Amino acid sequence: MRSPATRDLAQFSDLELAQALLQRMAIAPNDWHRLKANRKARALEQASTALVYLLKDQPEEALARLQQAAGWLDRSISAPPCPTHGR
């Protein structure tokens, strides 16, 4: 027997669930400066974006986002400076 939460989620497509996850993981504009260098937050955002692209049958875009997520986690990439600072 399924739990009520599982039954509720069954009404959504995989893509809708992935898009909801992406919406939760996306860094909001008002949090950008605080989280732009947060490796976990950036990796979560990129990994959830990759899932959406994969479900939309766009594997090249998915792979690029997964590589960015890995880069945040393995520290091979970091946040660029803010373009509005120093003006």
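Parameters and conventions
Residues numbered from 1 in each chain as written. Predicted model: local features only at pLDDT ≥ 70, side-chain atom pairs only at ≥ 80, totals over all residues. Heavy atoms only, no water. Salt bridge = Lys/Arg side-chain N within 4 Å of Asp/Glu carboxyl O. Helix = DSSP H or I, 4+ residues; strand = E, 2+ residues; numbered from the N terminus. Buried < 20%, exposed > 50% of the residue type's maximum accessible area, 1.4 Å probe, protein only. Contact = heavy atoms within 4.5 Å. Axes fitted to C-alpha atoms, helices over the stretch in contact; angles between N-to-C directions. Parallel < 35°, antiparallel > 145°, perpendicular 65-115°, else oblique. Left-handed = near helix turned anticlockwise from the far one by under 90°.

## Points about the pattern of salt bridges
Applying the stated criterion across every chain yields a total of three salt bridges. Residue R65 is joined to E61 by a salt bridge in which the shortest nitrogen-to-oxygen separation is 2.5 Å. On the criterion of helical spacing, the pair formed by R65 and E61 is a turn pair, its members being four residues apart in helix α5 (residues 59-74).

## Describing the environment of K56
Among the structural elements, K56 can be located in the loop between α4 (39-55) and α5. K56 gets classed as partly exposed once you look at its relative accessible area, which sits at 40%. Separated by 41 residues in the primary sequence, K56 and L15 have C-alpha atoms spaced 7.5 Å apart. Apart from the residues within four sequence positions on either side, K56 is in contact with L15 and Q19.

## Remarks on the packing of helix α2 (residues 14-25) against α4
One way to put it is that α2 packs onto α4 with a least axis distance of 9 Å and a crossing angle of 160 degrees. Overall, the two elements α2 and α4 adopt an arrangement that is roughly antiparallel. Our pair here, α2 against α4, has a crossing hand that is left-handed. For the pair α2 and α4, contact is made by D14, L15, A18, Q19, L21, L22 and M25 and by A41, L44, E45, S48, T49, L51, V52 and L55, respectively.

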